[in-house]
Amino acid sequence: AEVIQQQLFGPTPNEYRALAAAIAADAARILAGFDELDRLARFETGALGIDPGEADLAQLVRRILGQIAPVLAAREAGIALKLAPDASLLAGYDAEDAEALLWRVLASLGAACAPGEQLAARLAPVIVQGRALARLECALPADLAREDNLFAATARPAESVINAGIFGAGFTFRLARAEARAAGGSLV
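Every value quoted in this text rests on a predicted model; they were computed, and no experiment measured them.

Visitor: Let's hear about helix H2 (residues 14–44): which residues, and what values?
Guide: Under the 1.5 Å per step criterion, the end-to-end length of H2 is 45 Å for 31 residues, consistent within 8% with the ideal 45 Å. For H2, the set of buried residues is Ala20, Gly33, Glu36, Arg39, Leu40 and Phe43. Tucked into the core, H2 has its buried residues touching helix H1 (2–5), helix H4 (95–111) and helix H6 (169–182). Looking one or two residues beyond H2, the residue adopting positive phi is glycine 46, at roughly 80°.

Structure (structure tokens):
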């Protein structure tokens, strides 16, 4: 598909190039799905952990919500974050891992929002059993709130530009829970 799309062996009609681009995009989604399956399996077996580092969770949450806000606004939906604009909340693990975890959770919640649905979220430091942690709380969209087990939810967003994973909300939340556990936290 990439050979045709890039015309490596000579000129190719636009119709064939468009089909090749669609095939390449499908292949990329499938490979991303394999990566998610592999990541979940490795976290659940303890073969993979979260790298230490430093991540500003407040900045990451604000940025992610800013990225999904225009899509939600088009449906008159949204996630309103209760957090001071200049607040910072540092975590002692890799910023890329933190961003991936937060994206999975927030994008899944946003994608499940019905038109007109507004969710409230809050990010705050907490002390749990003598450990300083961060707690992100968010109301569930109505579609997800009806699920008996959020981690087995089969709800998939209908035609949403926001996509947290190809296997649906339940799988995405299981992966986020495994990542949170590897970071010393939890997802409930």
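Moving on, there is more to tell.
Visitor: Please set out the packing of aromatic side chains residue by residue, giving values where relevant.
Guide: One pass over the structure, following the stated rule, counts one aromatic pair. Look at phenylalanine 167 and phenylalanine 171: their rings are 5.0 Å apart centre to centre, the planes differ by 65°, and that puts the pair in the edge-to-face class. Using a relative accessible area of 31% as the deciding quantity, one classes phenylalanine 167 as partly exposed. For phenylalanine 171, a relative accessible area of 7% translates into the label buried. One residue, arginine 177, lies across the ring of phenylalanine 151, its end atom 3.9 Å from the ring centre.

What counts and how
Residues numbered from 1 in each chain as written. Predicted model: local features only at pLDDT ≥ 70, side-chain atom pairs only at ≥ 80, totals over all residues. Heavy atoms only, no water. Helix = DSSP H or I, 4+ residues; strand = E, 2+ residues; numbered from the N terminus. Expected span 1.5 Å × (residues − 1). Buried < 20%, exposed > 50% of the residue type's maximum accessible area, 1.4 Å probe, protein only. Contact = heavy atoms within 4.5 Å. Phe/Tyr/Trp six-rings, centres within 6.5 Å; stacked < 30°, edge-to-face > 60°. Lys NZ or Arg CZ within 6 Å of the ring centre and 35° of its normal.

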